[in-house]
Every structure is written in C-alpha cells, then in structure tokens.
Protein chains: 2
Amino acid sequence: MLEIDLGHPADYHVHLRQGEMTAAVTPAVRKGGMSIAYVMPNLTPPVTDIERVQKYKAELQRISPKTTFLMTFYLSKVLTPEVVYKAAKLGAIQGIKCYPAGVTTNSGAGIDPSDFSRFYPIFKVMQDTGLVLNLHGERPSIQSEGINVINAEPTFLPALFAIHRDFPRLRIVLEHCTTRAAIRAISEINKDLKKGQIPTVVGSITAHHLFLTIDDWTGNPVNYCKPVAKFTEDRDALVRAATSGKSYFIFGSDSAPHEISKKCTFNKIAAGVYTQPYVLSYLAELFERNGKLDMLKNFVSKFGSRFYGMDDESKLACKDRCYLVKKPVQIPEKLCYNGIELTIFRPCKELSWSVEWR
Amino acid sequence: MLEIDLGHPADYHVHLRQGEMTAAVTPAVRKGGMSIAYVMPNLTPPVTDIERVQKYKAELQRISPKTTFLMTFYLSKVLTPEVVYKAAKLGAIQGIKCYPAGVTTNSGAGIDPSDFSRFYPIFKVMQDTGLVLNLHGERPSIQSEGINVINAEPTFLPALFAIHRDFPRLRIVLEHCTTRAAIRAISEINKDLKKGQIPTVVGSITAHHLFLTIDDWTGNPVNYCKPVAKFTEDRDALVRAATSGKSYFIFGSDSAPHEISKKCTFNKIAAGVYTQPYVLSYLAELFERNGKLDMLKNFVSKFGSRFYGMDDESKLACKDRCYLVKKPVQIPEKLCYNGIELTIFRPCKELSWSVEWR
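Predicted model, so just to flag it, every value in this text is computed and none were measured.

*Asks:* I'm lost on the packing of aromatic side chains in this one. Help?
*Replies:* Think of a pair of aromatic rings as described by two things: how far the centres are apart, and how the planes are tilted against each other in angle. Residues and elements named next belong to chain A. Taken as a whole and assessed by the stated rule, the structure comprises 36 aromatic pairs over all chains. Every member of this aromatic cluster is reached through a ring pair, and the members are F116, Y120, F123, F156 and F167. Lying over the aromatic face of F119, R118 brings its terminal NZ or CZ to 5.8 Å of the ring centre. For R171, the ring lying beneath its charged end belongs to F307, and the centroid distance is 5.4 Å.

Here you go:
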C-alpha cells in the first residue's frame, strides 16, 4: 500500500500554549496531518471565561485558518454553572479539562480528585448541555498516601467510576491512558456497548505512549511527560487498545511543546513530549509494525470525531483530505520555529510515512 | 548533644574519576568527613592491571595525603586469575567491582549477570586471597525479558545467592541497595550470624537513597542515579537497615560527581548523585530525624571497616579524628572545583551538622 486516504484526522488533546509559542507551534497541527485540534486550557492564567476562550480560538484560527479548533475550559473553583451553561449554549467550548493540582504543566490551579463533589453542579450542567469532561486521570503524588508517578493513574480510576455512576449521561474522556489498569477500566465501562452505539466514556491514547516504557524516559528528558510511560505490559496494552478497532479508544496526542532550555536543567525538567509535526508518521510506523495499518483510520479519523460529534464535514474549517504517503521523513535533532528551539520526539529518526493534503 | 566523635568514618563506594576531575573531587572525601575511601575502577578504560591501579592510587594519595585509599579492579574478560592473585598478594587492590554491562557510568565493558560462571576461576582466587567482590546488583534493562529500572535489582538477587552458595567464604558486598527485596536478601543471608561475628555478605547503602523516592528523580536530574530510587516502602526499609545497628549494612556513598553540562541535556543525562563534600551532614540529618543519631557511628565508622579489615588505626594514612559538630552548613546551588561546575545533592538546603577534623 503506497498511500492511504485518512480523510480528516483529529487530535483530541493538543497544547498550543500562548504568546510567541502559540504562533510557533499552531501550524504544526496541520503539518502533522490533523484536521481538528482539541485545545487544552492550561495557560497562565488558565482559560476559564468565555471572552478569553473566544479570543484564544480567534487567534488560533488566524494563525491556521485550515485547522478546526475545539476549545475547552479549565475546571477550577472560579468556574460557575452559569458560565459553563452560557459557554455551552454559545458553542464557545466543547469540553472542560480537569487537572489534579500540580500533575503537569500549569496545573497549579487544579483540583483534588478526592473532592469532585464540589463540582457536581458543574458536571450536571455539562451533562445536560452535552459538554465533555476531559480527565487528567492521575492522583497527585503524596508520599504519606503512597501515591507515586507509577500508581498515580490506577489510584485515580475509582474517581472515574464514581463520576460515571453519578452522571451516567455525562461524556467523559480519560485522557492519555498509560496503564493496563486504565485500559481495563475503559473496557469494563463499555462492556455492554452495542455495535455502532456511541460510547459515553472513552479513553484517549497518545502517540508517544505507544512507543515508550519507563526505561525510555529514565535519564532522557525528551521522553519525559506526565503521566510517565510505565512498563512493557502497560505499553503493550495501549498498543492493543489503539489498534483494536474498539470505538472507545480515541486519539489525543497530548503533544506538548517545550523550549529546549526547559528540558535541559538539573533540577526541574518540563514534562511533555512534542510529537505534533510528525504525529501521523509516528502512528503509521507503530500501526504498520504491528500489522494494523488498516486500523489507523478508525483511531485517528473516526472514533474520536464520532464521540465528539465532529464526524460531519460541514463542521470543518477546511475540507482538504489527509493522505498518508509511503515517503521517508527525517526527524531533526531539534526544531526551530520562529527562533524558538523545541525538543522533538524520536530525534534524528527516519520514518517511512509522510503526510499530504489534497 | 553538640558534638560527636565519629573516629575514622569510611566511605566504601567512591567515584574519583580521572584527569582534571580527579584533581577537583578527591579533596572532597576528607571535606565530607571520610577518613577512608574505597575507590571504584570505572574509568575509561576500566582499571584492570596492577601498574595502572598503583599509579592511580599514588595520584590520589598525592592529591589527598591524609585520606586512606583502597583500590579495586573492574571485573571483565581481560582479567586473569594470575593477575588477580598477584594484585591481592601485593595489596594493590582490596576488591573487584562487577558492573552488569551498561547499567551506569562507564560500565560498557561490564558483564552479563546471568553468566557469572565464566568468572568462577577469578572468584576462587578472590575467596582464597580474601579479596572482596563488589556487586552492582542490577540486571540490565531488557524489554523482551521484562527487566526495567524498577525490577532490575530484585531480579539480580538470585545471582547474589548463587555466588554465595558456590563461594561461601567469598566476601561480597551488594552495593547501593535500593529495594526492600535487597534488604531482605542481605538479612536472610545473615540470619544465623552470631553476635560479634564478622559477616561474609553485606549490603552497602548510600546517603541519597535514604532520602529519595521515584518522584524525587522524575524530572529532576540532580537526583537521578543508577540504581534509581524506588518507592516509599523501599526507602523506608533502607532507613531501617542503615539505622538498625546490624553489622551487615555498611555505608558506601556511591558519590558520583558529574559536570553540570552532563546533567543538563535533553537526550542522555549522566546517572549519579554527588554527595561527597557534605555526605556526613546529610547522614547526620537523616539519622537525627529518625531518632537514631546514636547509630551513625556504627554505620559510617565501624561495620564497614570491620568487614574490610580496616578497623585498625595503624592502617590509616592519617590518625585525625572526625567530629560531627552542631553547626549549620549551607549547601550551594552548584559546586565549582578548579573551574569544573558540578551538581550537588540537595542544592540550596541548610543542614545542621558540620564536620571538623582534630
């Protein structure tokens, strides 16, 4: 097979930052083969009001008119059910992202996952208006409670089940699954899903977590992100899920650009793996290596967009189709966009699939 | 208690490097309160011949005449039983260090721990001549075998039991224990040890592993070393062992100086935590915090030196005694020795115990 028509691939977890970084990295969404970008709200300060999210979206649209941007609020104490209701009715946001405090970049304003009840009034509005709850599914590391970067995700899962139990119609994404336990939880919730039925709770999986295990980020900042990559059996469970053709596993890259200087310090390295400009090439290599190239379109173009109600060309900013073409692409050692140097996933590797828009 | 006479503390696992780095870091052994330094052989190329080890020792002695240096060979295929016998008889070395290939700095020439039998002729000579076998107790990470940085030590332990079974009189140190499993293994081997009897197999414990868990080095290169720090229950087991007064847990800092530039890269960070210049201050703080300050002298001055047969003042290059004095010491953000910038453990912290020689 020398080329594959992937239609309109969508990345349902993207960090486009702010200021000069936004100008630098936003065009990479299309470069990487994505027609739709679901944009994270963890700016400083976090995105929590309608005017700001509209201005942010307009800025992104101006930079990349051919990319469709879907926007989110940051779940925090400053959000009110009224603002959420209004934002939903206006179509200003498609979802709300929940970060446990301190687990990743700019999550300082995040919340305590053992105390979701305070947000139930907001969850109710979200359920009624069809907004999606995007969960960063980790408990913050707390030594006294034995929570660490390895068990942070499994120990969060009871909170996912509790929210789903209390809001059975609320659409929830467990973002960037990294463990066999998370894959099992999503499968368990969907065990009675009928063929063709759209799931209410899905798990998103990144490109880099399909490649990495703990030894790949130990001593290697370019591969360091939260949640951290876990063990071989976890990585293999992610690969099986992403290539399974199960509609409750969707693609979200969690592609997180960081300046090289933030990755090269001796005390606090920025967490995040940047895959955006080559993300389809990474995925194609991984799916092909596993003999599942025929499952790639489901994962990147169908399941996520059906879950988010974006499986309708008329909603797209541009109808160009993305083609995966068997043509080598060389990953540089590092990137330089508008003078900003960034680390890039799998530096210096040559990949065998490229992206073309037609 | 305002001061404690520690006598002659000894660090039975020290990296003093080569060239300019050696000149820079060797004086820090005494600065950190250590009278004796047991010197690792992982230079490039590794130390495997008598002339080289004698020259290396002479160089160290010239730099720090008041420090007693004990020397080691690097276990590798180039070593012969004849050379080992001669080195032992000359007193040129006190032990031989075994590194599984690729587990730490300059261990590329190391060996496969599943294949120790090839070294049995050397182990026999070591047993007969009283040399110590220093084991870096990790299996190399091999995905296909499910070995990773977390289980690398527990999966190595069967090799320790096998060598001890086949050479029951060979003195062995399981270096820098990091897991509850390793502590249990050493305790199990010594379960019938009589009071006052010198153990044949001991475990050494570093200063930094008494402080660190996985979350402390995740994203924090200054705390990144091999073996990596593990989980809270492992760290707590190390603290209990070091403060237990059990003679089969001895001190070896594995203090490993690295230039800041080697700690600040985005692809391959140097593994190693540098504690040497303040190592007694770290230990005093830890022992005091655990209400075990009275156990510190056993750990740093008695058990190790009795095991190595160094509990005899006449063997020391200098009879000065080390006093721990209740006087604050400020750890800098980084060190600069002879123009070489180094990372240092617990940068910017103030510790409450200082070292004085009298």
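*Asks:* Hey, could you run me through the relation of the copies chain B and chain A in this one?
*Replies:* Related by rotation about an axis and a shift along that axis, the two copies of the chain form a pair. Once chain B is rotated about the relating axis by 180° and shifted along it by 0.0 Å, it coincides with chain A to within an RMSD of 0.0 Å. Interpreted geometrically, this transformation is the action of a two-fold axis. Identified as the residue of chain B closest to the rotation axis by C-alpha distance is C264 of chain B, at 2.2 Å. A high fraction, 100%, of the interface residues of chain B reappear at the interface in chain A, so the copies pair face to face through one surface.

*Asks:* How should the pairing of strand β8 (residues 171-175) of chain B be read in this particular structure?
*Replies:* Within a regular strand, side chains alternate between the sheet's two faces. Residue and element names in this part refer to chain B. Burial analysis of β8 places four of its five residues in the buried class, the great majority of the element. Taken together, strand β7 (residues 132-136), helix α6 (residues 157-166) and β8 form a β-α-β motif whose crossover is right-handed. As judged from the three bridges shared by β8 and strand β9 (residues 201-205), these two strands associate in the parallel manner. Paired with V173 across the strands is V202, a residue of β9.

*Asks:* Can you walk me through helix α9 (residues 232-242) of chain A in this structure?
*Replies:* What sets the pattern is the α-helix's 3.6 residues per turn: residues three or four places apart point alike. All names here are of chain A. For α9, a buried count of eight out of 11 residues is recorded, marking the element as mostly surrounded by other parts of the structure. T232, D234, R235, A237, L238, V239, A241 and A242 are the residues of α9 that are buried. Where α9 is buried, its residues touch α7 (180-189), β9 (201-205), β10 (249-251), α11 (279-289) and α12 (296-307).

*Asks:* What am I meant to see in the sheet that holds strand β16 (residues 354-357) of chain B here?
*Replies:* Neighbouring strands of a sheet are bound in pairs by backbone hydrogen bonds; such pairs are parallel or else antiparallel. Residues and elements named next belong to chain B. Spatial ordering of the open sheet is given by β1-β11-β16, a layout of three strands whose pairing is antiparallel. What marks the edges here is a single partner per strand, and that holds for β1 (3-7) and β16. Taken over all neighbouring pairs, the strand axes of this sheet differ in orientation by 30° on average, direction set aside. Where strand β11 (residues 322-325) and β16 come together, four bridges link them in antiparallel fashion. What sits directly across from V325, in β16, is S354. Across the sheet, helix α12 (residues 296-307) touches β1 and β11, and the angle it forms with β1 is around 25°.

*Asks:* Even after reading the chapter, I still don't get the interface of chain B and chain A, so can you show me in this structure?
*Replies:* When the parts of a complex come together, some accessible area is lost, and that lost area is often used as the size of the interface. Listed per partner, the contact involves 32 residues of chain B and 32 residues of chain A. Both sides together, the interface formed by chain B and chain A hides about 2500 Å², and carbon and sulfur atoms give 62% of it. Ranking the residues of chain B by area buried against chain A places Q143, D215 and F266 of chain B at the top, with a combined share of 28%. Summed over the shared surface of chain B and chain A, the result is zero salt bridges. At the boundary of chain B with chain A, the tally comes to 14 residue pairs in polar contact (both at pLDDT 80 or more). Those elements giving two or more residues to the side of chain B that touches chain A turn out to be α8 (214-217), α9 (232-242) and α10 (260-263) of chain B. It is α8 of chain B that contributes the most residues to the side of chain B that touches chain A, four residues altogether. Among the residues forming the side of chain B that touches chain A, the class breakdown is 14 nonpolar, 11 polar and seven charged.

*Asks:* I'm lost on the side chain of E175 of chain A in this one. Help?
*Replies:* Residues and elements named next belong to chain A. Summarising the element assignment, E175 is placed in the loop between β8 (171-174) and α7. There is a polar contact of 2.7 Å between the side chain of E175 and the side chain of N134. Dropping the residues within four chain positions of it, E175 is found in contact with Y12, H13, K97, N134, L135, S204 and Y308.

*Asks:* How do you make sense of the sheet that holds strand β4 (residues 68-70) of chain A when you look at a structure like this?
*Replies:* All names here are of chain A. Strand order in the open sheet made by the three strands is β2-β3-β4, with parallel pairing throughout. Taken across any chain shown, the strands that pair with only one partner, and hence form the sheet edges, are β2 (10-14) and β4. Between one strand axis and the next, the sheet turns by 20° as a mean value, whatever way the strands run. By the bridge criterion, three bridges tie strand β3 (residues 36-39) to β4 in an arrangement that is parallel.

*Asks:* Help me out: how do you make sense of the pattern of salt bridges in this one?
*Replies:* Side chains that differ in sign of charge can pair as their charged atoms come close. This model, assessed by the stated rule, comprises 34 salt bridges over all chains. Among the ionic pairs, K191 of chain B bridges to E188 of chain B, the shortest N-O distance being 3.2 Å. Overall, the relative accessible area of 55% leaves K191 of chain B in the exposed class. Given the relative accessible area of 40%, E188 of chain B is considered partly exposed. Shared partners join several salt bridges into a network, and the residues in it are E3, K327, E356 and R358 of chain A.

About the criteria used
- Residues numbered from 1 in each chain as written.
- Chains lettered and ligands numbered in written order.
- Predicted model: local features only at pLDDT ≥ 70, side-chain atom pairs only at ≥ 80, totals over all residues.
- Heavy atoms only, no water.
- Phe/Tyr/Trp six-rings, centres within 6.5 Å; stacked < 30°, edge-to-face > 60°.
- Lys NZ or Arg CZ within 6 Å of the ring centre and 35° of its normal.
- Least-squares fit on C-alpha atoms with pLDDT ≥ 70 in both.
- Contact = heavy atoms within 4.5 Å.
- Buried < 20%, exposed > 50% of the residue type's maximum accessible area, 1.4 Å probe, protein only.
- Helix = DSSP H or I, 4+ residues; strand = E, 2+ residues; numbered from the N terminus.
- Right-handed = clockwise from strand over helix to strand, strands pointing away.
- Pairing = 2+ DSSP bridges.
- Axes fitted to C-alpha atoms, helices over the stretch in contact; angles between N-to-C directions.
- Buried area = accessible area lost by both parts, 1.4 Å probe.
- Salt bridge = Lys/Arg side-chain N within 4 Å of Asp/Glu carboxyl O.
- Polar contact = N/O pair within 3.5 Å; in protein donor to acceptor, adjacent residues only side chain to side chain.
- Nonpolar A, V, L, I, M, F, W, Y, C, P; charged D, E, K, R; others polar.

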